[in-house]
Amino acid sequence: MIEASVITWLSGGTAAGTRVYTGARMQETALPALVVQVTQSAAASIGASPLKRHTVTVSAVAETMASAQSIATACAALMATGAAGAGGVAVETELPRLEEPVLGDGDEAEPAICNAFFEVYL
């Protein structure tokens, strides 16, 4: 399962490494955190080698925009190293992108989120 592989690759490699979730993060959990979403998986091939192509979004959730962006940027190297170690490749398809901030009063303020986008071939 690709989600389990990505969690292994990202665990321990950033300040959010011990808090990696799939699909969503519960609002009460500690920050920073990472959320892994696999939006598509399909059969693919490179030359005669059959493999699977996975579209993966990694969201870095942190208290500041700078921290979220730094963590999302670090995920690119972790994804590339992890995929290579598994005999595949991870390609960053877009540069990390910050979501628009959600403003609120006091404890209603939302954390910063920066999304990193990958195609993983295994």
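Our subject is the structure that appears above.
Just so you know, these numbers come straight off a predicted model, no measurement behind them.

Peer 1: Report on helix α1 (residues 2–10), specifying residues and quantitative values.
Peer 2: Among the residues of α1, I2, E3, V6, W9 and L10 are the ones counted as buried. Seen from one end, α1 has its buried residues packed into an arc of 125°, which puts them on one side. Against β1 (20–22), β2 (33–46), β3 (49–62), α2 (65–85) and β5 (112–121) lie the buried residues of α1. Positive backbone phi, at 80°, marks G12, one or two positions downstream of α1.

Peer 1: Run through the side chain of T55, naming residues and quoting values.
Peer 2: The topology assignment puts T55 in strand β3. Exposure remark for T55: the relative accessible area of 16% places this residue in the buried category. Among the polar contacts listed, one links the side chain of T55 to the side chain of E119, at a separation of 3.0 Å. Apart from the residues within four sequence positions on either side, T55 is in contact with Q37, V38, T39, Q40, F118 and E119.

Peer 1: Go over the layout of surface pockets with me, naming the residues and quoting the values.
Peer 2: Rolled over the atoms, a probe with the dimensions of a water molecule shows which regions are left empty. Taken as a whole, the largest pocket spans an internal volume of roughly 320 Å³. Every residue lining the largest pocket is counted, 19 residues in all, and those nearest its centre are R25, V61, E110, P111 and I113. Here the residues of the lining of the largest pocket are counted per class, giving nine nonpolar, six polar and four charged.

Peer 1: Could you give me a rundown of the packing of α1 against α2, with the residues and numbers involved?
Peer 2: It is at 9 Å that the axes of α1 and α2 come closest, and there the two elements cross at 120°. Relative to α2, the element α1 is oriented oblique. Every pair of crossing elements has a handedness; the one defined by α1 and α2 is right-handed. Note on element contacts: α2 touches α1 through C75, L78, M79, G82 and A83, opposite V6, W9 and L10. A class-by-class count of the residues in the contact of α1 with α2 yields seven nonpolar, one polar and no charged.

Peer 1: Break down the sheet that holds β1 for me, with residues and values.
Peer 2: Pairing is mixed across the open sheet formed by five strands, whose spatial order is β1-β2-β3-β5-β4. Looking at strand neighbours, the two that pair on one side only are β1 and β4 (89–98), the edges of this open sheet. For this sheet, the mean inter-axis angle between neighbouring strands, taken without regard to orientation, is 25°. Along the sheet, α1 makes contact with β1, β2, β3 and β5, crossing β2 at roughly 125°.

Peer 1: I'd love a proper account of the environment of A83, names of residues and values included.
Peer 2: With respect to the element layout, A83 can be found in helix α2. Apart from the residues within four sequence positions on either side, A83 is in contact with W9, G88, V89, A90 and L122.

Analysis parameters
- Residues numbered from 1 in each chain as written.
- Predicted model: local features only at pLDDT ≥ 70, side-chain atom pairs only at ≥ 80, totals over all residues.
- Heavy atoms only, no water.
- Buried < 20%, exposed > 50% of the residue type's maximum accessible area, 1.4 Å probe, protein only.
- Helix = DSSP H or I, 4+ residues; strand = E, 2+ residues; numbered from the N terminus.
- Arc of directions from axis to C-beta.
- Contact = heavy atoms within 4.5 Å.
- Polar contact = N/O pair within 3.5 Å; in protein donor to acceptor, adjacent residues only side chain to side chain.
- 1 Å grid on protein atoms, 1.4 Å probe; cavity = no way out; pocket = protein on both sides within 12 Å on 5 of 7 lines; lining within 4 Å.
- Points joined across faces, edges and corners; volume = space filled by probe spheres on them.
- Nonpolar A, V, L, I, M, F, W, Y, C, P; charged D, E, K, R; others polar.
- Axes fitted to C-alpha atoms, helices over the stretch in contact; angles between N-to-C directions.
- Parallel < 35°, antiparallel > 145°, perpendicular 65-115°, else oblique.
- Left-handed = near helix turned anticlockwise from the far one by under 90°.
- Pairing = 2+ DSSP bridges.

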